Amino acid sequence: MTRILVINPNSSASVTAAIDDAVAPLRIAGGPDIEVVGLAEGPPSISSQRDADSVVMPLLNRVSRDNADAFVLACFSDPGLHAVREAADGRPVLGIAECGIFRALMLGERFGIIALSPSSIRRQQRMARLMGVDSRYAGSWSVGASAAETAGADIRGRLIEAGRALVTQCRADVVVMGCAGMASHRAAIADAIGVPVVEPAQQAVAAAIGAVLLNR
């Protein structure tokens, strides 16, 4: 049986559970096994560049000793993505931010991102520039929350408000959820704001499934 390992690089059990629920529809008969794990060494929330950088070595160690057929880094900072790809020795490694943004480009002309915090916005601005898609990046809107808070029901209103602001004030016609913990809110946000909403962990796992099946 082929296996995809999805790693939540923070230590929040609620975020790991939200990711596991989000990818459940992708567990298909005859498809690869999808395992979702947290990173005990990670911080409770990856809110800054320092947080993102702190998990790179634990991720490298986790991937280098695992025999999975593909890996998904389930944090919107895509921490250590290129270094982890080297450690994976040719096996596919998908970052959820990269996959989520690529999917958004297929659905509309301008994408916006619901961000955790102002420091998240700075990283997302850099990411759009480094990916070469800044001309189609409408902007990011912070909800001022930790990753664990986004997995709860209380934050849904703030997520909807951020999505609506991206559409009305930033002129985004697609919205990307900027944290894997937000996964359970995707349909509600899309219904409320009237444009496509991308849940990036789902997109990364779907891409990993394709990569694994085509490699068989």
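Note that the coordinates shown come from a computational prediction; the quantities given were computed from them, not determined experimentally.

(A) Broad picture of helix 8 (residues 156-168). Taking 1.5 Å per residue as the helical rise, helix 8 with its 13 residues ought to reach 18 Å, and the 18 Å between its terminal C-alpha atoms agrees with that figure. Along helix 8, the positions that sit buried rather than exposed are Leu159, Ile160, Ala162, Gly163, Ala165 and Leu166. Those residues of helix 8 hidden inside the fold are in contact with strand 5 (111-115), strand 6 (137-142), strand 7 (174-177) and helix 9 (186-193).

(B) Structural view of the pattern of salt bridges. In this structure the tally under the stated criterion is five salt bridges. Here Glu35 ties to Arg3 by a salt bridge, and the two come within 2.7 Å at their closest N and O atoms. Residue Glu35 is located in strand 2 (residues 33-38), and its partner Arg3 is located in strand 1 (residues 3-8); the two are separated by 32 residues in the primary sequence. Overall, the relative accessible area of 30% leaves Glu35 in the partly exposed class. On the basis of relative accessible area, Arg3 is assigned to the buried category, the value being 16%. Residues Arg3 and Asp66 are paired through a salt bridge, measuring 2.5 Å at the closest nitrogen-oxygen approach. Highlighted residues: Arg3 in strand 1 and Asp66 in the loop between helix 3 (56-64) and strand 3 (70-73), separated in sequence by 63 residues. Residue classification places Asp66 among the buried residues on the basis of a relative accessible area of 12%. Connected through salt bridges with shared partners, the residues Arg3, Glu35, Arg62 and Asp66 form a single ionic network.

(C) Representation of the sheet that holds strand 5 in the model. The strand order 6-5-7-8 describes an open sheet built from four strands, whose pairing is parallel. Of all the strands in the sheet, the pair left with one neighbour each is strand 6 and strand 8 (197-198). Pairing of strand 5 with strand 7 involves four bridges; the strand directions are parallel. By the bridge assignment, Ile114 is partnered in strand 7 with Met177. On the sheet, helix 8 packs against strand 5, strand 6 and strand 7 and is oriented at approximately 155° with respect to strand 5.

Cut-off values and rules
Residues numbered from 1 in each chain as written. Predicted model: local features only at pLDDT ≥ 70, side-chain atom pairs only at ≥ 80, totals over all residues. Heavy atoms only, no water. Helix = DSSP H or I, 4+ residues; strand = E, 2+ residues; numbered from the N terminus. Expected span 1.5 Å × (residues − 1). Buried < 20%, exposed > 50% of the residue type's maximum accessible area, 1.4 Å probe, protein only. Contact = heavy atoms within 4.5 Å. Salt bridge = Lys/Arg side-chain N within 4 Å of Asp/Glu carboxyl O. Pairing = 2+ DSSP bridges. Axes fitted to C-alpha atoms, helices over the stretch in contact; angles between N-to-C directions.

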